[in-house]
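Chain and residue survey
Here is how the chains run, residue by residue.
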Amino acid sequence: MSDSLFTANNVWMLVATVLVFIMHLGFAALESGFVQKKNVVNILFKNTMIISIGLLTYCLVGFNLMYPGVNEGGFFGFAGFGLSNPEGAAGLIEYADGGYTYWTDFIFQAMFAATAATIVSGAVAERIKLGSFLIFTTLFVAISYPITGMWKWGAGWLDAMGFYDFAGSTLVHSVGGWGALAAIILLGARKGKYTADGIKPIPGHSMPLAAVGVFLLWFGWYGFNGGSVLSADPGLVSLVFVTTTLAAAAGAVGAFIASYGLFKSHDLSMVLNGVLGGLVGITAGADLMTPTDAIIIGFIAGIIIPFSVVMFDRLKLDDPVGATSVHLVCGIWGTLAVGIFGSSAGGGQLVTQLIGILAIGAFTFIFAFALMYLLKATIGIRVSEEEEIQGLDIAEHDMHAYEIPFEGAVDFSLQK
Amino acid sequence: MSDSLFTANNVWMLVATVLVFIMHLGFAALESGFVQKKNVVNILFKNTMIISIGLLTYCLVGFNLMYPGVNEGGFFGFAGFGLSNPEGAAGLIEYADGGYTYWTDFIFQAMFAATAATIVSGAVAERIKLGSFLIFTTLFVAISYPITGMWKWGAGWLDAMGFYDFAGSTLVHSVGGWGALAAIILLGARKGKYTADGIKPIPGHSMPLAAVGVFLLWFGWYGFNGGSVLSADPGLVSLVFVTTTLAAAAGAVGAFIASYGLFKSHDLSMVLNGVLGGLVGITAGADLMTPTDAIIIGFIAGIIIPFSVVMFDRLKLDDPVGATSVHLVCGIWGTLAVGIFGSSAGGGQLVTQLIGILAIGAFTFIFAFALMYLLKATIGIRVSEEEEIQGLDIAEHDMHAYEIPFEGAVDFSLQK
Amino acid sequence: MSDSLFTANNVWMLVATVLVFIMHLGFAALESGFVQKKNVVNILFKNTMIISIGLLTYCLVGFNLMYPGVNEGGFFGFAGFGLSNPEGAAGLIEYADGGYTYWTDFIFQAMFAATAATIVSGAVAERIKLGSFLIFTTLFVAISYPITGMWKWGAGWLDAMGFYDFAGSTLVHSVGGWGALAAIILLGARKGKYTADGIKPIPGHSMPLAAVGVFLLWFGWYGFNGGSVLSADPGLVSLVFVTTTLAAAAGAVGAFIASYGLFKSHDLSMVLNGVLGGLVGITAGADLMTPTDAIIIGFIAGIIIPFSVVMFDRLKLDDPVGATSVHLVCGIWGTLAVGIFGSSAGGGQLVTQLIGILAIGAFTFIFAFALMYLLKATIGIRVSEEEEIQGLDIAEHDMHAYEIPFEGAVDFSLQK
C-alpha cells in the first residue's frame, strides 16, 4: 500500500476514534437527562469514571485478551499485560483491508470497550452503590467484554463458524444489555416504581439533556460503524454511512407510529430511543444492507422499542433509561437481521447468528450475574432506602447537580 | 485520479457529512433554548422527526428531484423514486473537482436538505399544531427544496445563467427563511407578544442551551461550507475555513456593536444570532472571498441582525428564535455580496444574483404559503388558546421537559 | 510530496482545527456550569466575544507576531498587519514534516490563540467588569500570547535553546494560567468566599453543563494535540492519541483517589478537573511518551488537582472554576515532565524546561499584571458590590439565563 493511502486510512480511523469517544458524552447526557434531579451528579460521576477506568484496563489487559493473536478459532487467549509496539513509535501494522498503526488499532478498540459498561450504567441508575458499580464495570469491561469479543473479532470460534457482526450489535450492544439485565434482576426496582396501584412513571429530569445525548450518540455512531470498516475504503464507508443514517431515521418513525398506537401520545422518550434502536439494529450488518434493507431494519427496531419497554415494565424489571430495550432487544434483532436481509442472508446464516447471540448472551449474563451476586452477598449493591429517597447526589457525593434556591437569599426573587 | 487521492477526498466529504449532521443538534438546542419552558419537548420532538422524515423523503424523492441528471438548464426533472447505485456497493462516481462515491454524494446532500425544514421549526414555535407542522415540513423538504435546489446545483436554468451560490445562502438558508415567513404570516403571533401596551419580549428559557446550539452550528458549518467544495482540494477547503471563521467572528462583533447602539445593553441573543448571520452571509461566496472581504461581509450581517429583528417585530411577524432575520435576510445579503465582493464581482453578476434570489424566493414563498393555507383551511395550523397557554408539551405530548418539584414530595427541600 | 499525501495531511489539519474550535464550547459550558445561576449569561457572552475577537486580532496582528519568519533565535519579530498569501487562493506551503496550505496554517493556529484568553475567563468569573475583561483579553491574545509563542514555535530563542513544548502545556495553558493568576490577585475574591468563619464553597449552578464542557474539551484535545504533529504522520498522530487518552483517564483516577483521601467524598468537580489536568499535563510531551509514561504523568496531574485547589483557597486566591490549578499548575508539571520522562529526558533538558517555564511565566505574568493594574487604576475592573450580589446577568446584560417562574403566572403550577 502507498504511504498516502495508508495515511488516508489512518486519518479516517482516528477520526472514527474521536467520534466513538464522544458517544460517552452522549451516554452521560442521555442517562442524566432520564434520571431524577437528585441522581444526576451520580450518573455523571459514574460515566466519567467508567470511561477512564475502562480505557486504562483495556490498555492493561483487555486489548490483549480480545486480540491475543493466537488461538485462532479458540475460546480464550491472552497476549500478556500492557501494550507492546512491535516497531517503535512510528510502527505500522498493515491489515488486509487497509492499514493503520498499532496505536490506532488499540485506541479505536479501547473507545469501543468502555461503551459496553456505560450501557449498564443507565439501567442500574438511581439505586446502585457507587463502589459496587465501579468494581462491577471494571471487571466487566476488563474481562467479560474482551473474551466474548475475541470469539468473533479476535478470530475466535464464532468467527471461524461464520457468525457475522459487523460493528457489534451483539459484541458490544447486547453484551452491555445482558450485563444490564443481570444487574437489574439482582438490584430490584426503584422504590415507588411498581406499586399496588400499578406502574408509576418516574419522569426524567431534563428532556433537552436526553435529546443532546441521543443526537451525540447518532453523531458518534458514524465513527462506530464507519470505523468498523477498518479502513477508509470509499465504497464501504460511504455505504455504511447511508445504511446507518436511514436506519436511525426509520427507527424514529417506527417508534413514533408504534408509541402513538400504544399510548395515543407523541412520546419524545420513545422517539429518542427509537433512533437508538434503529442504530443498534443496523450495526450488525451496516456494510451488507441496501438502503431499503436498512430502512426496514431500523423501522422494525423503532417499533420494537415501545413494546419492549412495556414488556420489561410488566416483568417489573426497572430500567430508568430503556437500555435493555435499546441495546439488548434491538441488538438481538439487528444480529438476526443479518440472517434475514443482506447479501449473506440464508437459512444457515440465521442459525449461525442465533448461536452467536446465545453463546455470547449466556457467557455475559452468567459472568455479570455471578459478579453482581458476589457483590450483593459481600459489600452490597443497593443504597439504603433513606439514601434512595434523599438521592444519590447527596448520599454518595454530598453535592447537588443544580443550584438550589433558598428562602432568604438576597437575590431570591431574581435567581429563582 | 489515484486511489489514494480519491480516498482522501471521500474521507473529507464524509467528515463534512458528519459535521452537517450535528447542525441538527445545533438547531434543536438553539430553538429549545429560545422558547419557553412549556414548549421545549415539542421543539425537541419536532426537530428529531424533521431530520428523520427529511432524510427518508430525500432518499425516496428529493435526491432524484434535485439531481435529475437530465434537463440541463431546465426547471424540473426527476430521476425516479428511491436510490440507485450504478456500480454496486463499492460504486464510485468521479466528479470533475475531486471524486467521491455515489453513497457519499447522496448522504452529504441529504444532510443539507433537512436543514431547510429545521429553519422553519424555530420560527413557528410555541403555537403550531404538531401534525400540520410535520405535513408541511415533509412536503417542503421533499418537493420544494429539491426543485429550487436543482435550478442551481442540479445544473438547471439558474446555473446556466451564471447565478452563484457556493454553499447555499439562497438555496438552503433563504429557502428555509421564506418557508418560515410564509408560515408565520398565516400563523399569527404568539398570544401576549404584540399588545396594546407595545411589544412584549418573551424570553427564552435557557441561554446555555441556546449558546450550545450556536457553537454547534458554527462547528457544523465547517462541514456545510467546507464540504461544498465537493473535494478535499487543500487550497479551496482551507480558504473556505478561513473565510467562514472570520465572517462568523465579525458577525458577533457587528451584532455586539449594533445591538449596543440600539438597545444600550450587551444582548447575548443578538450576539449569538450575529454569529449565525455572519455564517449565513459568507455561505454564498465562501470560496471566492479574501479574508478582508469575509470580515466585511460577516460584520455587515452582524449589524443587520438587530435591525432586522426590530423590523419583523414592528411588522408584528412573530419569530421566537430570529430565524427569518438570520436565514432569510442574511441569506439574501450573502447572495448579493457575491455580486459586490469576490473575484466574480461585477454589475452583471449582481443582477444575476438578484434574479436568483427573487426566482427562488417567489417559488418557495408561494409553495409554502399555498401549502400552509391549505392546511389552515382544512385541519388547522394553530393550537387552541388554552393549549397555547398551557404549553405544547402538555397539550401535544403530555409530558414536561423538566422535573417538576411539587409540594409534599418527600425530598422537596433537597430537590427544588 | 505527492498530491494525495499533501491532501491527506491537509484534511487532518483541518479536522484538527474543527476539534480545537469546539474546545471553545467546552470552555463556555464548563465555566458556565461552575458559576452561579446569576452569572451565566455573562460567561456565555464573554466566551462568545473572546473567540470572535481573538480570531480577528490573530488575523490582524497575532499570526504575524508569532510566526514572523525572521529573527530566528530572537525575542521579537513582526511580519506586518493582516494576512498575506504568497501563492494565491490555492497557495501551498510545504513544511518539513508534512504539508498543508498557508490558510490551514493560519486557521489552526488562530483556534489555538483564543484558548489562552478563554482560560482567564473562568478564573475571573462572577465579579469582573465586562468592558475591562474584553480589553484585557483582546490585548492578551493579540500581543502577549504571540510574543511568547514565537520564542518556541516561531523559531525564537527558546527553540534555539532546545526547550520542548509539543502542543503547549506552557505556551498555551500556563500562559492562560499566568494571566488568570495576575487577574485574580488584582481582582480579589468573590464576596462571601473567604469569611471570618472560614472558606465557604460557592457551588456551580449546573453539573451537567460542566460535565458536557469537560467531555467536549477532551474531545477537542485530540485536535489540539493530534494537530500539533503538523501532519497526518500515522505513527506520530496515533501515538499522540494514545498518550493523550491515557493521561486524561489517569487524571480522572488520580483526582478520584486524592480527593477521596482529602475530603472523604466522591467529588465530581475534582474528577472533571482531574481529566483536564491529565490533558494539560501530557500536552508538552504527548509525542514523546510511552503509554506507561503517559499514565504516570496524567495520574500525578490528577493528584495535583485537589491539592492545588486547596492551596489556592488557603492563599485566598479565588478561582471559581479551578483554571489556575488545571492550566497553570498542571501546565508547569507537564512541561517539567518532558525533562523527566520521554526519550529526550536528561538533566540538561530539565533545566532547559525550567528556563522556558520561568521566562514565559515572567513575561506573561508581568504583562497581564501591568495591563490589569492599568485597567484597575483607570476604568476599574470590578463590578460594584450591589451588582455582584444581584449578579452580572442583570447588571451587565439585563437578562436572565433561565426562565423565571413567577407567582400569578397562569401556568405556574405546571411550569415551575
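Along each chain, residue indices are assigned from 1 in the same order as the chain's sequence is written. Each chain takes a letter, starting from A, and each ligand takes a number, starting from 1, following the order in which they are written. The predicted nature of this model means local features are confined to residues of pLDDT at least 70 and side-chain atom pairs, given and counted, to a pLDDT of 80 or more, with totals for whole chains, interfaces and linings taken over all residues.

For the rest of this paragraph, the subject is the overall build of chain A. Put simply, DSSP marks the helices as runs of H or I at least four residues long and the strands as runs of E at least two long, and each gets a number from the N terminus on. Within chain A, the regular secondary structure consists of 15 helices and four strands. Here the globule rule is a power law, 2.2 Å times the number of residues to the power 0.38, and the radius of gyration is based on C-alpha atoms. The C-alpha radius of gyration computed for chain A amounts to 21 Å, which stays within 12% of the reference 22 Å derived for 416 residues, consistent with globular compactness. Each principal axis of the C-alpha atoms in chain A carries an extent, and together these give about 70 × 45 × 45 Å. Residues with at least 20 other C-beta atoms within 10 Å of their own are called buried, those with 12 or fewer are called exposed, and the rest are partly exposed. The C-beta atoms themselves are positioned from the backbone. Relative to its 416 residues, chain A shows a buried fraction of 67%. What counts as a contact is two residues whose backbone-derived C-beta atoms lie within 7 Å of each other. Partitioning the contacts of chain A with sequence separation of at least 6, the portion at a separation of at least 24 is 79%.

This brings us to the interface of chain A and chain C. In this assembly, 55 residues from chain A lie in contact with 53 residues from chain C. Listing elements by their share of the side of chain A that touches chain C, those giving two or more residues are helix H1 (3-34), helix H2 (40-66), strand E2 (100-101), helix H3 (102-123), helix H14 (392-397) and helix H15 (412-415) of chain A. Ranked by residues supplied to the side of chain A that touches chain C, first place goes to H1(A) with 18 residues. For this scheme, ten residues count as nonpolar: Ala, Val, Leu, Ile, Met, Phe, Trp, Tyr, Cys and Pro. Four count as charged, namely Asp, Glu, Lys and Arg, and the remainder, Gly too, count as polar. In terms of residue class, the side of chain A that touches chain C is built from 35 nonpolar, 14 polar and six charged.

The next subject is the packing of helix H9 (residues 268-283) of chain C against helix H11 (residues 323-340) of chain C. Two packed helices can be described by the angle between their axes and the distance between those axes. Residues and elements named next belong to chain C. Packing of H9 against H11 leaves a shortest axis separation of 7 Å and a crossing angle of 35°. For the pair H9 and H11, the sense of crossing is right-handed. Across the interface between the two elements, Asn273, Leu276, Gly277, Val280, Gly281, Ile282 and Thr283 of H9 pack against Ser325, Val326, His327, Cys330, Gly331, Trp333, Gly334 and Ala337 of H11. To obtain each axis, a line is fitted to C-alpha atoms, and for helices this fit is confined to the stretch in contact; angles are then taken between N-to-C directions over 0 to 180 degrees. A clockwise turn of the near helix away from the far one marks a right-handed crossing, whereas an anticlockwise turn of less than a right angle marks a left-handed crossing.

Residues below a pLDDT of 70 in either copy are left out; the C-alpha atoms of the rest, at least 70 in both, set the least-squares superposition of the copies. Of the two same-sequence chains, chain B is brought onto chain A (RMSD 0.0 Å, axial shift 0.0 Å) by a rotation of 120°. The transformation relating the two chain copies, once decomposed into turn and shift, fits a three-fold axis.

In this section: the relation of the copies chain A and chain C. For the pair chain A and chain C, the best superposition has an RMSD of 0.0 Å and corresponds to a rotation of 120° with a translation of 0.0 Å parallel to the axis. Mapped onto chain C, only 7% of the interface residues of chain A are again interface residues, and the two copies thus contact each other with different surfaces.

Attention now moves to helix H6 (residues 169-187) of chain C. Residue and element names in this part refer to chain C. Each helix should span, by expectation, one fewer than its residue count multiplied by 1.5 Å. End to end, H6 covers 25 Å across 19 residues, agreeing with the expected 27 Å (1.5 Å per residue, within 8%). Where burial is concerned, most of H6 is hidden: 17 out of the 19 residues are buried. Of the residues trailing H6, Gly188 is marked for its positive phi of about 85°.

With that out of the way, let us pick up the confidence of the model for chain A. Reading predicted coordinates in detail is not appropriate for stretches of low pLDDT. All names here are of chain A. Looking at chain A, the pLDDT average stands at 92 and 92% of residues meet or exceed 70. For every residue, the pLDDT score states the predictor's confidence, bounded by 0 at the bottom and 100 at the top. Throughout residues 406-416 the model reports pLDDT below 50, and contacts reaching past four residues in sequence, or to other chains, amount to 18 contacts. Taken over the whole predicted complex, pTM reads 0.96, whereas the ipTM for its chain interfaces reads 0.95.

What follows covers the interface of chain B and chain A. With 55 residues of chain B at the interface, the matching set in chain A holds 53 residues. When contributions to the side of chain B that touches chain A are tallied by element, the ones reaching two or more residues are helix H1 (3-34), helix H2 (40-66), strand E2 (100-101), helix H3 (102-123), helix H14 (392-397) and helix H15 (412-415) of chain B. Looking at the side of chain B that touches chain A element by element, the count peaks at 18 residues for H1(B). A breakdown of the residues in the side of chain B that touches chain A according to their chemical character gives 35 nonpolar, 14 polar and six charged.

Let's shift gears to the environment of Lys191(B). Residues and elements named next belong to chain B. Assignment of secondary structure puts Lys191 in the loop between helix H6 (169-187) and strand E3 (194-195). Sequence separation between Lys191 and Asn225 is 34 residues; the distance between their C-alpha atoms is 38 Å. With sequence-adjacent residues up to four places away left out, Lys191 is seen in contact with Glu385 and Glu388.

Residues and elements named next belong to chain B. Look at H1 against H2: their axes get within 9 Å of each other, and the N-to-C directions meet at 160°. The angle between H1 and H2 places the two elements in the roughly antiparallel class. The chirality of how H1 crosses H2 is right-handed. Each of His24, Phe27, Ala28, Glu31 and Ser32 in H1 lies in contact with H2, whose residues at this interface are Val40, Ile43, Leu44, Asn47 and Ile51. Looking at the contact of H1 with H2 residue by residue, the class counts come to six nonpolar, three polar and one charged. For classification, angles of less than 35 degrees are called roughly parallel, those exceeding 145 degrees roughly antiparallel, those between 65 and 115 degrees roughly perpendicular, and all remaining angles oblique.

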